[in-house]
Amino acid sequence: MSLGNIFDIAGSGMTAQSLRLNTTASNIANAETASSSTGETYRARKPVFAAIQQSMLNPGTQGMGAEGPGAGVRVLGIVESDAELQMRYEPNHPAANEDGYVYYPNVNVVEEMADMMSSSRSFQMNVDIMNAAKSMMQRILTLGQQ
């Protein structure tokens, strides 16, 4: 695996974790958004990732470990949670329906905070990998100067 491939892999990981962080932040920001109907209520969102095979990341490497482990991350999409919404009896709430119920999102803030910490650490690990690869490239260049 070349150093250029390492940059590609770490870059795709950083992109994926950045999307994960943004999605988590959106979930937390909307955690207490009230609505009078289930159709209008915010639903928790989660990104779906898939591993990119080496041959797809660098098409010129066909036959060189194409069947090996993943060589990056691709975002397949963002899905809404199908978990049950929170229904609370709050007849004085401005968003209450005719029965006095208010619907709140199916966002678990504790779960989202754990997800945010995990994605933040994963992003940082990818930054560290890029820095290590950069350092190796600089050392290789100085070897050629001697």
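Above this text sits the structure in question.
Note that this is a predicted model, so its numbers are computed, not measured.

## Observations concerning the side chain of Thr-23
Tracing the backbone through its elements, the reader meets Thr-23 in helix 1 (residues 3-29). A distance of 2.8 Å separates a polar atom in the side chain of Thr-23 from the backbone oxygen of Leu-19.

## Examining the packing of aromatic side chains
The relative placement of two aromatic rings is captured by the distance of their centres and the angle of their planes. Applying the stated criterion to the full structure yields one aromatic pair. Ring centres of Tyr-89 and Tyr-101 lie 5.3 Å apart, and the angle between their planes is 65 degrees; this geometry places the pair in the edge-to-face category. Here Tyr-101 lies in strand 4 (residues 101-104) and Tyr-89 lies in strand 3 (residues 86-89), a separation of 12 residues in the sequence. Since its relative accessible area comes to 29%, Tyr-101 is described here as partly exposed. Taking NZ or CZ as reference, Arg-88 lies 3.8 Å from the ring centre of Tyr-104, over its face.

Quick notes on the rules
- Residues numbered from 1 in each chain as written.
- Predicted model: local features only at pLDDT ≥ 70, side-chain atom pairs only at ≥ 80, totals over all residues.
- Heavy atoms only, no water.
- Helix = DSSP H or I, 4+ residues; strand = E, 2+ residues; numbered from the N terminus.
- Polar contact = N/O pair within 3.5 Å; in protein donor to acceptor, adjacent residues only side chain to side chain.
- Phe/Tyr/Trp six-rings, centres within 6.5 Å; stacked < 30°, edge-to-face > 60°.
- Buried < 20%, exposed > 50% of the residue type's maximum accessible area, 1.4 Å probe, protein only.
- Lys NZ or Arg CZ within 6 Å of the ring centre and 35° of its normal.

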